[in-house]
Amino acid sequence: MELTYKKIGCTELTEAHIGQETTLAGWASTIRDLGGIIFVELRDKTGLFQLVADPQVNPEVHEVLSKVKSEYVIQVTGKVSKRPDETINSKLKTGTIEMYPTNVTILSAAQTLPFVLEDDNVSEDVRLKYRYLDLRREKMMNNFQLRHNIVKAIRNYLNDLDFMEVETPILIKATPEGARDYLVPSRLHDGKFYALPQSPQIFKQLLMVSGFEKYYQIAKCFRDEDLRADRQPEFTQVDMEMSFVSQDDVIKMTEGLIEHAFKAAGVEVKAPFRRITYKEAMEKYGSDKPDTRFGLELFDVTDIMEQSTFEAFKAVIAKGGTVRAIKIPGIAGYSRKEMDDVRNLAISFGAKGLAWITYMEDGEVKSPVLKFLNEDQVKAIQERGEAQKGDIIFFVADHPKIVFDVLGRFRLYFGQKLNMIDESLHDLLWVVDFPLFEQDLEDGSFKSVHHPFTMPALEDIDKLENDKGNVKSIAYDIIYNGNELGGGSIRIHDAQIQEKVFHALGLSQEDIQNKFEFLVNAFKYGTPPHGGLAIGLDRLVALLLRAQSIREVIAFPKNSAAKDLMTDAPSLASEEQLRELHLKLRNLPKV
């Protein structure tokens, strides 16, 4: 498309344009004055193109370009010419052509930038403060071009399957979905608040009640969570819902979407993807988002330790705990300090202690727990762990939830430390058959593993009242290289089952009425079986780019302290604003 200030993008020019006059506009990226002849690399969204000004050829143009500094915005007109062979730059897409402009106009001057765009060692805080400059960098521009391509592929795929894109509200009623809501005070309704949506979950289910059947949305979501490297207060997800579907239907649809999204990033993956149960994921890998690009699988030694004389482990087992182990190869030569570091690492992960057996290269077996084990038990542990000379087997005993978490993180630590992970792999799998609830180890209360609208496995509905810990759900997560890309479930479409789940979560009838009356009522007017899934778009793009943080693929992100360094948000409200919202602040920390 020919625009007012430019006829073509910089890298859209090719040797086919040689001899043709055109007009370009962009930023002066690099300026070099070589003995009077000025070379300027002009940059626009598409990339770089070289301009040349010779005072002997066009003194007026040379005079204007001599005033141009880095990041000035300029417009040039001239004929495209072939570069001399000795000046060809094979690293540039336009490295065989250039332009001697016949006219140059300075559209906008620029002050000296606070950092050099080509410098990759600039601190993230500086980059975020001047994000509009950071985004000029080729790397960042490429990140967002890829994000656009992925979103375009996803939209095309879903549109071709007759999905309808529908926008759901941003100002909603607060609902319990596992994280804190961002609250928005209402000026018109004294003392009342909207919440920003943690997800469009309830509204997309209501769209199924409405008969839309296939919905999607590139949805903005908000969660006031504790800070983590891969979390942001606001994020984007690809949200989907379908009526008259089973788990297999949703999984098949999602696998096609993943294929298309990955292909847009130049990655070929082939469905169907492997499926493992939640139970298998936890028992083998200690995680419900297992990285299966390497081994180091956990194994159960509860039965062996129960027959030992190790009273500390036996006491854990007697209380319903478990003893699991992991074999780490080739580290039998670790020093005492290195073993102390490993023990401290396990404790930092939540273990109360760590035991081990070392299989030395000379055949000797060493362990602080050998005195509690007989020869047959030592041999059984070695066989179960397939331990060889040079290996160490580590043990953790505790409640299963703690054991799996500790050893799962232990496994990832050693997988990375020992370079066992093939970073070239694109490992996709499904985790299915999640429990419906998880129990808090402190107070014994139950909460939803996913959310309270997840359908229980039909054979487990009778357990909702008296055996909540053993109720499975019809839920599924898609995992990529040990990261959860997204998750979903078949939803509850029966008002009675929904009320049973609410009661199992400890909600009173009054709670249900106050928070979910509209949803429960909607289910009474004919609700189709339905299910769906949401994929974290920011995380998907970041993982495909091998980016260190999702901040690299969000245009204007918050920093690790949830602050926008560019606009200085969050900021204080004026007294007048607070008065209009009927708010009064108290006990504020001194600034």
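Predicted, not measured: the structure shown is a model, and the values here were computed from it.

Some points on the sheet that holds strand S10 (residues 214–222)
- As summarised here, the arrangement of the 8 strands in space is S7-S10-S11-S23-S22-S21-S18-S12, forming an open sheet in which the pairing is mixed. Among the strands making up the open sheet, the edge pair consists of strand S7 (164–165) and strand S12 (274–277).
- Here strand S21 (residues 475–480) pairs with strand S22 (residues 483–490) via 6 bridges, running antiparallel. In the sheet register, alanine 475 faces S22, and the bridge partner there is serine 489.
- Contacts between helix H5 (residues 201–209) and the sheet are confined to S10, strand S11 (234–243) and strand S23 (530–536), with S11 contributing the most and set at about 20° to the helix.

A closer look at the sheet that holds strand S14 (residues 322–328)
- Strand order in the open sheet made by the 5 strands is S13-S14-S17-S15-S16, with antiparallel pairing throughout. Strands with a single pairing partner mark the edges of an open sheet, and in this sheet they are strand S13 (299–300) and strand S16 (365–366).
- Packed onto the sheet, helix H12 (residues 400–417) meets S14 and strand S17 (392–398) and runs at close to 5° relative to S14.

Some details on the packing of aromatic side chains
- The full count for this structure, using the stated rule, is 15 aromatic pairs.
- On the basis of an interplanar angle of 35° and a centroid distance of 4.3 Å, the ring pair of phenylalanine 310 and phenylalanine 313 is categorised as tilted. The same class applies to phenylalanine 310 as to phenylalanine 313, namely buried.
- Considering the side-chain rings of phenylalanine 502 and phenylalanine 516, the 4.6 Å spacing of their centres and the 15° angle between planes classify their relative orientation as stacked. Linking phenylalanine 502 in helix H13 (residues 495–504) with phenylalanine 516 in helix H14 (residues 509–522), this pair joins segments that are 14 residues apart in sequence. As far as burial versus exposure is concerned, phenylalanine 502 and phenylalanine 516 are alike and both buried.
- Through a chain of ring-to-ring contacts, the aromatic side chains of Trp356, Phe394, Phe410, Tyr413 and Phe414 assemble into a single cluster.

Parameters and conventions
Residues numbered from 1 in each chain as written. Predicted model: local features only at pLDDT ≥ 70, side-chain atom pairs only at ≥ 80, totals over all residues. Heavy atoms only, no water. Pairing = 2+ DSSP bridges. Helix = DSSP H or I, 4+ residues; strand = E, 2+ residues; numbered from the N terminus. Contact = heavy atoms within 4.5 Å. Axes fitted to C-alpha atoms, helices over the stretch in contact; angles between N-to-C directions. Phe/Tyr/Trp six-rings, centres within 6.5 Å; stacked < 30°, edge-to-face > 60°. Buried < 20%, exposed > 50% of the residue type's maximum accessible area, 1.4 Å probe, protein only.

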